[in-house]
Amino acid sequence: MVAPRYRRILLKLSGEALMGRREFGLDAEPIRRLAAEIVELCRIGVEVGLVIGGGNIVRGAEKAAEGLDRVTSDSMGMPATVINALAMQDAIEHLGQPVRVMSALKINQVCEDYIRRRAIRHLEKGRVVIFAAGLGNPFFTTDSAASLRAIEINADLLIKATKVDGVYTADPFKDPNAERIPYMTYDEALKLRLAVMDTTALVLCRDHNIPLRVMNVFEPGAVVHLVQGEEIGSLIAPDLGYWQT
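Residue numbers restart at each chain and count upward from 1, following the sequence in its written direction. Totals for whole chains, interfaces and linings use all residues, but because this is a predicted model, local features are given only for residues with pLDDT of at least 70 and pairs of side-chain atoms are given and counted only at 80 or more. Side-chain measures here rest on the full set of heavy atoms in the structure, leaving out hydrogens and waters.

## Observations regarding the pairing of strand E11 (residues 234–237)
Phase 1: Exposure classes here rest on a 1.4 Å probe applied to the protein chains alone. A residue is buried below 20% of its type maximum, exposed above 50%, and partly exposed in between. Elements are defined by DSSP. Helices are runs of H or I of four residues or more, strands are runs of E of two residues or more, and each kind is numbered from the N terminus. Of the two faces of E11, the one carrying Ser-234 and Ile-236 and the one carrying Leu-235 and Ala-237 are both buried.
Phase 2: For two strands to count as paired, DSSP must find a minimum of two bridges between them. Note that strand E9 (residues 183–185) and E11 share 3 bridges and pair parallel. What sits directly across from Met-184, in E11, is Ile-236.
Phase 3: Bridge count for strand E10 (residues 212–216) against E11 is 3 bridges, and the pairing is antiparallel. When the bridges of E11 are listed, Arg-213 appears paired with Leu-235.

See the structure below:
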């Protein structure tokens, strides 16, 4: 067993990661696979926080673009993330790993309220903590929620698991000449507007010295290998000095 490089991480998953080959909703196969990888992280001694988007059910920004009031559309998106969190909780618990879902919205019948000190205590006890409902406010994405929760729980690393294997100079699905950028600073990411995460999320990470890894969620075992120290995906850090650590 290879010792983990990071003691505590925050893993950000898109809602689409739970959708599998479906066009909408939840697919049991990718949920079970991701749950198994999260459990493996716990078994090697990593404390895991998790934020999941809700785009497989409803995406607030898209509904707003269709003419729905932005506050209303974002309020619809937040419960969608709770649905995904509960699905992931169930899959992880079926593998014997304790989990707590903590919501920024009050939904006491199905999950706990988010309280920072309680979340850290859960992590210290070896429980996976899934942070649901974003930040509980409209106009903030789940990327921003992931950045803020990573800061609040003193995570050593924020991982954004997406459908591409890193940060590219352009959309690799549209531009065959797009090149992957293995390392960059937050200031470079902000200047180049590469849509790694939204601006608020990037600035939060930069100002609080949280390194960010962008990697492919669909590559089996990649998250575990990354946490064990392999150079996977693209690394974004507050300053160039981080590369030498």
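## Brief notes about the nonpolar core
Phase 1: Grouped together as the largest cluster of nonpolar side chains are 43 residues, with contacts concentrated most on Ile-9, Leu-13, Met-88, Ile-130 and Ile-159.
Phase 2: Of all the secondary structure elements, the ones that give two or more residues to this core are strand E1 (8–13), helix H1 (28–43), strand E2 (47–52), helix H3 (70–93), strand E3 (99–103), strand E5 (128–132), strand E6 (157–162) and helix H8 (222–227).
Phase 3: Whether two residues touch is decided by their heavy atoms; if any such pair falls within 4.5 Å, the residues are in contact. Excluding anything up to four places from it in sequence, Ile-130 contacts Leu-50, Ile-52, Ala-85, Met-88, Gln-89, Val-99, Arg-100, Val-101 and Met-102. Here, nonpolar core refers to any group of buried Ala, Val, Leu, Ile, Met, Phe, Trp, Tyr and Cys residues whose side-chain atoms link them within 4.5 Å.

## Re the sheet that holds strand E4 (residues 112–113)
Phase 1: Taken together, the 9 strands give an open sheet; going across it, the order is E4-E3-E5-E2-E1-E6-E10-E11-E9, and neighbouring strands pair in mixed fashion. Each edge of the sheet is formed by a strand with only one pairing partner; in this case those strands are E4 and E9.
Phase 2: Bridge count for E2 against E5 is 3 bridges, and the pairing is parallel. If you follow Leu-50 over to E5, its bridge partner there is Ile-130.
Phase 3: Helix axes are fitted only over the stretch in contact, all axes being lines through C-alpha atoms; the angle between N-to-C directions runs from 0 to 180 degrees. Against the sheet, helix H5 (residues 142–152) makes contact with E1, E2, E5 and E6, and its axis sits at roughly 175° relative to E1, the strand it touches most.

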